[in-house]
Every structure is written in structure tokens, then in C-alpha cells.
Amino acid sequence: MSKRDYYETLGVSRDASANELKKAFKKKAMKYHPDRNPDNPEASEKFKEAAEAYEILSDAEKKSAYDQFGHSGVEGMGGGPNFNDININDIFGDIFGDVFGTRSQSRRQRRGSDLQYNMELSLKEAVLGTRKKIKIPSHTQCVDCDGSGAERGTSPSQCSNCNGMGQVRMQQGFFSVQQTCSVCSGSGQVIKERCKSCRGVGAVKENKTLSVTIPAGVDNGDKVRLSGEGEWMKDFQPGDLYVAIRVINNPLFNRDGRHLYIDAPIPFEISIVGGSVKIPTLENTISLKIPPNTQSGKVFKIKGKGAAMVRDRRRGDILCRVTVETPSNLDKQQIKLLNEFNKSLNQSKNFPGTDTFLKAISKIKD
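The model shown is predicted, which means the values in this text are computed figures rather than measured ones.

Undergrad: Explain the packing of aromatic side chains here, please?
TA: One pair of aromatic rings is described through two measures. These are the centre distance and the angle between the planes. For the structure on display, the rule yields four aromatic pairs. Aromatic pair Tyr7 and Tyr66: ring centres 6.1 Å apart, planes at 40 degrees, arrangement tilted. Taken together, the positions of Tyr7 in helix H1 (residues 6-10) and Tyr66 in helix H4 (residues 60-69) put the pair 59 residues apart, joining distant regions of the chain. Side by side, Tyr7 and Tyr66 carry an identical accessibility label, which is buried. On the basis of an interplanar angle of 40 degrees and a centroid distance of 6.3 Å, the ring pair of Phe25 and Phe47 is categorised as tilted. Taken together, the positions of Phe25 in helix H2 (residues 18-32) and Phe47 in helix H3 (residues 41-57) put the pair 22 residues apart, joining distant regions of the chain. The exposure classification of Phe25 matches that of Phe47, with both residues buried. Members of the aromatic cluster, each reached through a chain of ring pairs, are Tyr6, Tyr7 and Tyr66. The residue whose ring lies beneath Lys298 is Phe300, and the NZ or CZ to ring-centre distance is 5.8 Å.

Right under this line is the structure:
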């Protein structure tokens, strides 16, 4: 049986924001979670369907693949979390946590924010792939406090507000809501004497150099994810870094998907008698054979020299449109020879396009 569209499953539009996706999933989860429907297999299936849809659409890389290729684009990239891993109390607490001004979030779930780095690539780099080194602001463990954040000779103490749990429970009528401790910010510890070098953070800022592998076939708007290279937070998992691609305009080629387009001038004598002209590709220069009687606008296909796509390494073609170039700056002798040559031409035989055009005009006048 074919799968339902993920956006349809969650009941959102294709341009829904991350917050709208999350709210839609919460609504479905509250309604169909197995804990609330213990004897309803249909509800369990609907919950798993919603969890799978959210797992794909909440991940930028998977969402991009799904938007481009549908379900086939995300095969093998994860099929939704096990519903037993999603606790109904976590969902419930998260909803009411917004009402009380904070958000219930376990230590294992808390992580730094995802960050974005904008990278410019040449067309050649985007089509063929490359490796780039980038410098980003990061953190390294403070050597003076060994990462504890406390002044040397002291150590952090257990937070008395949450008894080291990092969470406090709040009773609101029928509901019991767990929230991040406001005293220790969820760490479970407080520092009385902060390290002077890192000011209690446990780490100091530094610039980190990363090597980024750009796959062949990327295009404007594509993103490469570097896991764990996003915002750093003490005692918690760092976020991810997304490298956003912008391809610089090429002076010769225009790209449309997997094909490259180029306009090339050819000498008028070659257009008449035929010959060869040099045409650039992204890797080198090739010789393109021009048959006799070639007119401006003729398109030649150079197979396999175009662009690949990220999920399909087969390269497209270069489509070369030629323009017959009229010679300029002729001297008197050249003009004389050209006039003699022109006299030898038969208007109907040698200029069939002009002849057809003139006949059409005469019909209009008649």
C-alpha cells in the first residue's frame, strides 16, 4: 500500500514552518498516542504515521530530499521513531510548559541551536564537487578549570533548588508539569566561584577550521549538514551546522537542472563550408564539428558534459547554440572581393530563408 503524503498526514501546507510542523505533530500525538488509546490498533497506526512524517519533515536534509523526490528520496534515511520512545507526559508537559513561560525538556533532549554558514561556489565546484576549508567560531575546554567552570581549587556544588536533577516539578491543578530549573539552567549544579579565564562557562572561544565535502551536483539553496558543529552548550549536545550553497554566476554557462547552456560565435566562412570550432566544457576544451550551411541559432548537443544531481550522478548535456559572426573592419580589397562574390550568388538558390520571407510578404500585400 502506498504511503500518504507526509504533509497531508500532519495536515499542514508544504511551506509550513518548523513551529507549525511541531504543533501539528503534537496535536496528532495527543490524539492518537497508544497510551491514550490502549485498545485501538488504528490509533496506534495513525500515531506511527504522524511520527514518521514529523521525523522526516523536521530534519532539513530529509525534508529537502522528500520535497524533491517524494518517498523514494528518503528511503533508508529513517522511517520514523519508535512510538514507545515518545512519552505522552513529555508531549503534555511541553504544551503546558509554553503556558507557564518555560519548556519542559529532559537533559538528553536539550541541545544547542543549529547554525548556518553561507558558502559561495563556482559552477565548476558545484557541478563536479569539491572540498572546502571554513573557519567558524567554536569553543574548547578551558584548561584552567578543566571544563568545570569553577575557579581552580573549587568545584561546582549540587543545586539546592532541584537537588541536582536539573528539573523542577510544578503542580497546576490536575496536571503535573516538569520544567527546567531556573537556578542552574538544567545543569543540576551551581558555581559559587567562577573561573576567571572562562567566567564559569567551562570553555573558551576559538576559531575552528573544518573541512567540508561538497558533493557533485549541488545547486543554489542546497545545504550540507555538519553534525555537532552548531551552537555549543555546556553539558548538552551541540547543534548542527548547515552549509548553505550559493553558486556564482558563470560568464559562459547557464545551468538548468542537469543541462548547461552556452552561446558560441562561429566564423561565417565555417558556417558556409563547415569546419571545427573550440568549445569549452567545465573540465577542458573540445572541438565541435560544424556541418556546411549552418545557420545562426542551430543548437548542438555535447553529451555527458553537463551537470549531475546530488542524488543522481549521471551528467546531463551541454547545449551549444551557435551564432554566425559577420566579419567587420574589412579593407577595400576584401570589400571588392565580397562584392564580386555577392554578384555570383543566386537570390533564390543561395538564400532560401530570405526567398521564403519575401514570398510571404508579397502574399500579404496581395
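Undergrad: Explain the sheet that holds strand E8 (residues 223-226) to me, please; I cannot follow it from the model alone.
TA: Neighbouring strands of a sheet are bound in pairs by backbone hydrogen bonds; such pairs are parallel or else antiparallel. Sheet architecture is open: three strands sit in the order E1-E9-E8, paired in mixed fashion. With partners counted over all chains shown, the strands left at the sheet margins are strand E1 (115-121) and E8, one partner each. Here the average twist between neighbouring strands, direction ignored, is 25 degrees. Bridge analysis of E1 against strand E9 (residues 241-247) gives seven bridges, and the strand direction is parallel. If you follow Tyr117 over to E9, its bridge partner there is Val243.

Undergrad: Can you walk me through unusual backbone geometry in this structure?
TA: Note: most residues except glycine have negative phi, and most peptide bonds are trans. You will see that Asn163, though not glycine, has its phi angle at about 55 degrees, which is positive. If you trace the backbone, Asn163 turns up in the loop between strand E3 (157-158) and strand E4 (167-172). Judged by its relative accessible area of 53%, Asn163 falls in the exposed class. Positive phi is not limited to glycine here, since Asn293 has a value of about 60 degrees. Looking at where Asn293 falls in the secondary structure, it is placed in the loop between strand E13 (285-290) and strand E14 (299-302). Residue Asn293 is classed as exposed on the basis of its relative accessible area, which comes to 60%.

Undergrad: In this structure, what is going on with the state of the cysteines? I would like to understand it.
TA: Within this structure, the stated rule accounts for zero disulfides. Cys198 carries a free sulfur, and the closest cysteine sulfur to it, the one in Cys145, is 3.7 Å from it.

Undergrad: Which parts of the structure should I look at to understand the sheet that holds strand E11 (residues 259-267)?
TA: With respect to topology, four strands assemble into an open sheet ordered E10-E11-E15-E14, the strand pairing being mixed. Only two strands of the sheet have a single neighbouring strand rather than two, namely strand E10 (254-256) and E14. Shown here is a sheet whose adjacent strand axes are inclined to one another by a mean of 30 degrees, direction ignored. In this structure, E14 lies alongside strand E15 (residues 318-325), joined through four bridges in antiparallel fashion. Its bridge partner being in E15, Phe300 is matched across the sheet by Cys320.

Reading the values: rules and limits
- Residues numbered from 1 in each chain as written.
- Predicted model: local features only at pLDDT ≥ 70, side-chain atom pairs only at ≥ 80, totals over all residues.
- Heavy atoms only, no water.
- Phe/Tyr/Trp six-rings, centres within 6.5 Å; stacked < 30°, edge-to-face > 60°.
- Helix = DSSP H or I, 4+ residues; strand = E, 2+ residues; numbered from the N terminus.
- Buried < 20%, exposed > 50% of the residue type's maximum accessible area, 1.4 Å probe, protein only.
- Lys NZ or Arg CZ within 6 Å of the ring centre and 35° of its normal.
- Pairing = 2+ DSSP bridges.
- Axes fitted to C-alpha atoms, helices over the stretch in contact; angles between N-to-C directions.
- Disulfide = S-S within 2.5 Å.

Interpretation note: all reported values are geometric properties and have no functional meaning in isolation.
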